[in-house]
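Take a look at the letters that make up each chain.
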Amino acid sequence: MGLAALPWTEGAEEFRARIIFLRRAMPDLGWPDFSDSTLTATLAEWLSPYLSGMSKRADLQRLDLTQILRSMVAHPLLARLDKLAPVRMEVPSGGHYRIDYAGEGDPVLRVRLQELFGMKTAPQVADGRVLLKIELLSPAGRPLAVTQSLETFWVNAYADVRKDMRGRYPK
């Protein structure tokens, strides 16, 4: 039935995306390969121990894929996971925002522009190897700009974005 038959929760998908990102960003550390092709090819190896007593497709819903995937990652790597690829990032306003690792490129932090006032440089993950892509949002949550260089944004683009926002979001 393939991977689609498994109960992929948001937490399991997020965990998997973080590991895939770290494997790409830090291949020297030996992160496991959680790509569709590898998980499908090795399905019998990593999933079989958890299928004992299951005879129907509905039984698969009892599986905890996050725990199963965690068991496939070496303990020393698991201990570093939250530091290297945090789930959330605190911004100057005090808010904590989810980092999206699911895309092919660099991870994305989506946050309202005004919550980044005071942040001079884009945050980094993977021990400083990767800059987060920051999607700056309007007060209504609409995308205004995307950048990996906050320094450049504040100097070059902010004045135009601010002017545009003044017309749409008067005080």
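Attention here is on the structure that accompanies the text. Here the structure is a predicted model, which means the values were calculated and not measured.

1. Some thoughts on the overall build of the protein chain
(1) Moving on: The number of helices and strands found in the protein chain is six helices and seven strands.
(2) Moving on: Against the compact-globule benchmark of 16 Å for 171 residues, the protein chain has a radius of gyration of 20 Å, which places it well outside the compact range.
(3) Moving on: Relative to its full complement of 171 residues, the protein chain shows a buried share of 39%.
(4) Moving on: A separation of at least 24 residues holds for 56% of the contacts in the protein chain among residues at least 6 apart in sequence.
(5) Moving on: Accessible surface computed for the protein chain: about 9,800 Å², of which carbon and sulfur atoms make up 51%.
(6) Moving on: For the protein chain, the separation between the mean place of its 23 positive charges and that of its 20 negative charges on side chains is 6 Å.

2. Quick look at the side chain of Glu115
(1) Moving on: Positionally, Glu115 belongs in the loop between β3 (108–112) and β4 (124–125).
(2) Moving on: For the buried Glu115, no salt bridge exists, and the shortest N-O distance to an oppositely charged side chain is 4.7 Å, to Arg112.
(3) Moving on: Side chain to side chain, Glu115 and Ser93 meet in a polar contact 2.7 Å long.
(4) Moving on: A polar side-chain atom of Glu115 sits 2.4 Å from a polar atom in the side chain of Tyr97.
(5) Moving on: Once you skip the residues sitting within four places of it in the chain, Glu115 turns out to touch Val91, Pro92, Ser93, Gly95 and Tyr97.

Thresholds applied
Residues numbered from 1 in each chain as written. Predicted model: local features only at pLDDT ≥ 70, side-chain atom pairs only at ≥ 80, totals over all residues. Heavy atoms only, no water. Helix = DSSP H or I, 4+ residues; strand = E, 2+ residues; numbered from the N terminus. Rg over C-alpha atoms; globule rule 2.2 N^0.38 Å. Buried < 20%, exposed > 50% of the residue type's maximum accessible area, 1.4 Å probe, protein only. Contact = heavy atoms within 4.5 Å. Areas by Shrake-Rupley, 256 points an atom, 1.4 Å probe, with all protein chains shown as cover. Lys, Arg positive; Asp, Glu negative; His and termini not counted. Charge placed at Lys NZ, Arg CZ, Asp CG, Glu CD. Salt bridge = Lys/Arg side-chain N within 4 Å of Asp/Glu carboxyl O. Polar contact = N/O pair within 3.5 Å; in protein donor to acceptor, adjacent residues only side chain to side chain.

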